[in-house]
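Reading the structure
Here is how the chains run, residue by residue.
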Amino acid sequence: MILNDTEIWSLSKLGFVLYMREHHEEAAAIFRGLLHLQPRLPYSWYVLGLIRRDQGDAGEAAQALKHALSCDAEFWAARVVLAELFYQNGRPGEALTILKPILGARRTQDATRDAAIRRGRALWKCWQRGGRLRAK
């Protein structure tokens, strides 16, 4: 089966709604299905990472987020979540390494991308000082 961009977008949005409503297994099934058809969909890997993180599986979350970044190294939201995961699990050096590319990122008119860039830069500054960033 081949899906067009609109079908992929629609299924991704449905999967994200299920994730936001904490129907993690149903959401994961949608994203795994999309990845079965097209293994290089960074957004699908990203949401699978969020699901695994929320389920307390840091290892699987990190793997999914790394897959997202292997598909799109400038997927800033995935980069920020992976860095936070590393930092929270006592790996601050790796967290800073993951965030470093964000320092040179250019802002655009994409609000989601720009929010991730701002968050990543704030984390970088905070972690460089050895502090903790308060949750928003």
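This one's a predicted model, so the numbers in the text were calculated from it and none came from an experiment. (Residues numbered from 1 in each chain as written. Predicted model: local features only at pLDDT ≥ 70, side-chain atom pairs only at ≥ 80, totals over all residues. Heavy atoms only, no water.)

**Some points on the nonpolar core**
Rules: By nonpolar core is meant a set of buried Ala, Val, Leu, Ile, Met, Phe, Trp, Tyr and Cys residues that side-chain atoms within 4.5 Å join together. Per-residue accessibility, obtained with a 1.4 Å probe over protein chains only, is compared with the maximum for each type, and a residue is labelled buried under 20%, exposed over 50%, and partly exposed between these values. In DSSP terms, a helix is any run of H or I states spanning at least four residues, a strand is any run of E spanning at least two, and both are numbered starting from the N terminus.
Tyr46, Leu48, Leu99 and Trp127 are the most contacted members of the largest nonpolar core, which totals 45 residues. Elements with a minimum of two residues in this core: α1 (5–20), α2 (24–37), α3 (42–54), α4 (58–71), α5 (76–88), α6 (92–99) and α7 (111–128). At ten residues, α5 tops the list of elements feeding residues into this core.

**Some words on the packing of α5 against α6**
What counts here: The angle between two axes is taken between their N-to-C directions and runs from 0 to 180 degrees, where each axis is a line fitted to C-alpha atoms and a helix contributes only its stretch in contact. With respect to orientation, any angle under 35 degrees is reported as roughly parallel, any angle over 145 as roughly antiparallel, any angle of 65 to 115 as roughly perpendicular, and every other angle as oblique. When checking whether two residues touch, look at their non-hydrogen atoms; a contact exists if any pair is within 4.5 Å. Side-chain classes are defined by residue name, with Ala, Val, Leu, Ile, Met, Phe, Trp, Tyr, Cys and Pro counting as nonpolar, Asp, Glu, Lys and Arg as charged, and the others, Gly among them, as polar.
Close contact between α5 and α6 brings their axes to 7 Å; oriented N to C, the two are set at 170°. Judged on the interaxial angle alone, α6 and α5 are roughly antiparallel. Touching Arg79, Val80, Leu82, Ala83, Phe86 and Tyr87 of α5 are Pro92, Glu94, Ala95, Ile98 and Leu99, all from α6. Looking at the contact of α5 with α6 residue by residue, the class counts come to nine nonpolar, no polar and two charged.

**So, the pattern of salt bridges**
Put simply, the rule reads: Put simply, a salt bridge is a Lys or Arg side-chain nitrogen that is within 4 Å of an Asp or Glu carboxyl oxygen.
For the structure on display, the rule yields three salt bridges. Residue aspartate 54 pairs with arginine 53 through a salt bridge whose shortest N-O separation is 2.9 Å. As a salt-bridge pair, arginine 91 and glutamate 94 come within 2.7 Å of each other at their nearest N and O atoms. What makes glutamate 94 partly exposed here is its relative accessible area of 36%.

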